[in-house]
Amino acid sequence: PAILNSLCFTATAPNSSVKLQRHGAKWTIPVLEYSLNGTVWNQYVIGLTINLVNPGDRVYFRGDNDYLCLDGQNRVSFVLDGEISASGNIMSLLSKDLADKPLTDYTFNYLFAFCDALTTAPELPATTLANHCYSSMFYDCSGLKTPPELPAVMLAEGCYMSMFSGSGITTAPVLPAESIAPQCYRRMFERCI
């Protein structure tokens, strides 16, 4: 079912919430859908807060986009409050049927930065990354204790830079890269206690 592959946020504490916010100048905002039950999908409007009142309440996201970030300044990011576990495939934000799309520069840059409420990360299955993919993705996510698997073997400039900086992770993921570029992994675990 589509919901099994969609990015999912599950409240693990009462009165949690999820929203996407926009950063930077005016640019074409990604087209996203959300569902509270995995059956009925609605167009998501950037800035809409989705309340997850009870533990176990969920919201699913999916889309058909070529990018979520134009660069480090023009992007969207999640704002999470309460205590929230993420699951599912992050690639569903780019393709709701998980069609194989190449990642563009800055894909998922700062996507969850400053989300103290995030306790688990979604799947990051891409094996070939573009410039600055995943950079600062979980920056200052103090509630995140376990990093996701990082299966990428072909890296481009700036990939993973500051990805877990200031997060709460207690172990490092396996880094199986076969090809890297300048700035890869730079400050990836900076300020990780």
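Residues numbered from 1 in each chain as written. Predicted model: local features only at pLDDT ≥ 70, side-chain atom pairs only at ≥ 80, totals over all residues. Heavy atoms only, no water.

Moving on: the confidence of the model for the protein chain. Of all residues in the protein chain, 97% have pLDDT values of 70 or greater, and the mean over the chain is 91. Ranking the helices and strands of the protein chain by mean pLDDT puts strand β5 (residues 50-52) first, with 98, and helix α1 (residues 2-5) last, with 68. (pLDDT = per-residue confidence, 0-100. Helix = DSSP H or I, 4+ residues; strand = E, 2+ residues; numbered from the N terminus.)

In this structure, Y110 takes a positive phi of about 55° despite not being glycine. Tracing the chain through its elements places Y110 in the loop between β8 (84-87) and β9 (118-120). Although it is not a glycine, Y134 adopts a positive phi angle of roughly 65°. Within the fold, Y134 resides in the segment after β9.

A few words now on the sheet that holds strand β4 (residues 42-43). Strands sit in the order β4-β3-β6-β1-β8-β9 across an open sheet of 6 strands; the sheet is mixed. The strands lining the two open edges of the sheet, one partner per strand, are β4 and β9. Alignment of strand β1 (residues 7-11) against β8, held across 4 bridges, turns out to be antiparallel. Counterpart to A11 in the pairing with β8 is I84. (Pairing = 2+ DSSP bridges.)

What follows is about the pattern of salt bridges. Scanning all chains against the criterion turns up 4 salt bridges. Between R191 and D140 there is a salt bridge; the shortest N-O distance is 2.9 Å. Of the two residues, R191 sits in the segment after β9 while D140 sits in the segment after β9, which places them 51 residues apart along the sequence. On the basis of relative accessible area, R191 is assigned to the partly exposed category, the value being 44%. Between R187 and E190 there is a salt bridge; the shortest N-O distance is 3.7 Å. A relative accessible area of 34% places E190 in the partly exposed class. Each of E33, R62 and K96 takes part in one network of salt bridges that share partners. (Salt bridge = Lys/Arg side-chain N within 4 Å of Asp/Glu carboxyl O. Buried < 20%, exposed > 50% of the residue type's maximum accessible area, 1.4 Å probe, protein only.)

With that settled, consider the packing of aromatic side chains. Applying the stated criterion across every chain, the model contains 15 aromatic pairs. An angle of 75° between the planes, with centres 5.5 Å apart, marks the rings of F61 and F78 as edge-to-face. Pair noted here: F61 is in strand β6 (residues 58-63) and F78 is in strand β7 (residues 75-81), with a separation of 17 residues, a long-range link. Each member of the pair, F61 as well as F78, carries the same accessibility label: buried. (Phe/Tyr/Trp six-rings, centres within 6.5 Å; stacked < 30°, edge-to-face > 60°.)

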